[in-house]
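Next come the chains, spelled out residue by residue.
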Amino acid sequence: MSLDIRHQDAHIVVVNKPFGLPSQGTQKPNQDHLFAQVKARFPAAALHHRLDTPASGLVLFTVHPSANKGIASAFQGRRITRRYLAVVAGDPGPDGTWSAGLDGKTAITRFVRIGNDGGMSLLEVQIETGRTHQIRRHASDSGHPILGDRRYGSAAGGLWPRLALHAVSLQLKHPISGEPITVSSPVPADLMTLMNPLCPELDRRYSPETAAG
């Protein structure tokens, strides 16, 4: 499978992960995963964060050891902005923060509603922490599970063929040059048919181009 690279330079790459592909190795030794694909092309690649297997969107890798410390520090210091699109059941309100702890650890998820119709809401979500399944668990615990979430969504899990969660953008300062980088991922077709009626301006709101500077 060819990599969908959204940004590449001598130190980092940002890859668009398709839904259904694990970010890293699983208990199934022969199962393909994104990290293996990236390592095959960039032998020095290191993975600093993950995206749930049933989700799609952007994953950042370092591809030169000199970038590892800066990227690790940026994640720890919450200086990398990650935005997600999620379609949830019901209406959680125009904006808000989910801050219930997960697994005994602090977890903070912020959202803004950018569309609402037919008993569903399209949210732009930012996470300040990176707990396991954080967005999915917070959404479910709030009473507004993500459509297509077979694990946490209860009845909403059967309302769409796949998890309606997409990592749409990353913003960071380059770990070596310090230049600001914004990377965006186009909404995949299997989610666009769900999301676009809720927010017809998706194409204009999230440019598929990579902008630096």
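Notes on the structure in this doc start here. (Residues numbered from 1 in each chain as written. Predicted model: local features only at pLDDT ≥ 70, side-chain atom pairs only at ≥ 80, totals over all residues. Heavy atoms only, no water.)

Description of empty space enclosed by the protein
No. 1: One pass over the full model with this rule turns up one cavity of 30 Å³ or more.
No. 2: Taken as a whole, the largest cavity spans an internal volume of roughly 40 Å³.
No. 3: As for the largest cavity, its lining consists of H49, L58, R82, R83, Y84, A167, S169 and L170.
No. 4: Counting residues per element, the ones that place at least two in the lining of the largest cavity are β5 (81-89) and β9 (165-173).
No. 5: Residue classes in the lining of the largest cavity are distributed as four nonpolar, two polar and two charged. (1 Å grid on protein atoms, 1.4 Å probe; cavity = no way out; pocket = protein on both sides within 12 Å on 5 of 7 lines; lining within 4 Å. Points joined across faces, edges and corners; volume = space filled by probe spheres on them. Helix = DSSP H or I, 4+ residues; strand = E, 2+ residues; numbered from the N terminus. Nonpolar A, V, L, I, M, F, W, Y, C, P; charged D, E, K, R; others polar.)

Topic: the environment of G104
No. 1: Along the chain, the position of G104 falls in the loop between β6 (95-98) and β7 (109-117).
No. 2: Overall, the relative accessible area of 83% leaves G104 in the exposed class.
No. 3: A sequence separation of 100 residues divides G104 from D4, and the C-alpha atoms of the two residues are 36 Å apart. (Buried < 20%, exposed > 50% of the residue type's maximum accessible area, 1.4 Å probe, protein only.)

As for the pairing of strand β8 (residues 120-127)
No. 1: Burial of β8 is extensive: six of the eight residues sit out of reach of the surface.
No. 2: When β5 meets β8, the two strands line up antiparallel, connected through seven bridges. Within the sheet, the bridge partner assigned to V88 lies in β8 and is S121.
No. 3: Alignment of β7 against β8, held across eight bridges, turns out to be antiparallel. Each bridged residue has a counterpart across the sheet, and for R113 the counterpart in β8 is L123.
No. 4: The turn joining β7 and β8, which pair antiparallel and follow one another in sequence, is formed by two residues; a positive phi near 60° is taken by G118. (Pairing = 2+ DSSP bridges.)

Brief notes about the side chain of H133
No. 1: Following the sequence through the fold, H133 ends up in the loop between β8 and α3 (134-141).
No. 2: Setting aside chain neighbours within four positions, we find H133 in contact with D52, R151 and Y152. (Contact = heavy atoms within 4.5 Å.)

Considering helix α1 (residues 34-41)
No. 1: Along α1, the residues classified as buried are L34, Q37 and V38. Seen end-on, α1 carries its buried residues on one side only, within an arc spanning 95°.
No. 2: In this fold, the buried residues of α1 make contact with β2 (12-17) and β4 (56-62). (Arc of directions from axis to C-beta.)

Examining the nonpolar core
No. 1: Counting 46 residues, the largest nonpolar core has V38, L85, L122, I146 and L202 as the members making the most contacts within it.
No. 2: Setting aside its immediate chain neighbours within four residues, L202 contacts L85, I114, L122, V187, M192, M195 and N196.
No. 3: F75, L170, L172 and I181 belong to the second-largest nonpolar core, a separate cluster that totals 13 residues. (Core = buried A, V, L, I, M, F, W, Y, C linked by side-chain atoms within 4.5 Å.)

Quick word on the packing of aromatic side chains
No. 1: This structure, assessed with the given rule, holds two aromatic pairs.
No. 2: Look at F35 and F61: their rings are 6.0 Å apart centre to centre, the planes differ by 15°, and that puts the pair in the stacked class. Of the two residues, F35 is situated in helix α1 and F61 in strand β4; the sequence distance between them amounts to 26 residues.
No. 3: By relative accessible area, F35 is classed as partly exposed at 21%. (Phe/Tyr/Trp six-rings, centres within 6.5 Å; stacked < 30°, edge-to-face > 60°.)

Details of the layout of surface pockets
In this approach a probe as big as a water molecule rolls over the atoms, and the regions it shows empty are the leftover space.
No. 1: The volume enclosed by the largest pocket comes to roughly 810 Å³.
No. 2: Contributing to the lining of the largest pocket are 28 residues, with R50, D52, G130, R131 and T132 lying nearest its centre.
No. 3: When contributions to the lining of the largest pocket are tallied by element, the ones reaching two or more residues are α2 (68-76), β5 and α3.
No. 4: Looking at the lining of the largest pocket, the element that brings in the most residues is α3, giving three residues.
No. 5: Tallied by class, residues from the lining of the largest pocket come to eight nonpolar, twelve polar and eight charged.

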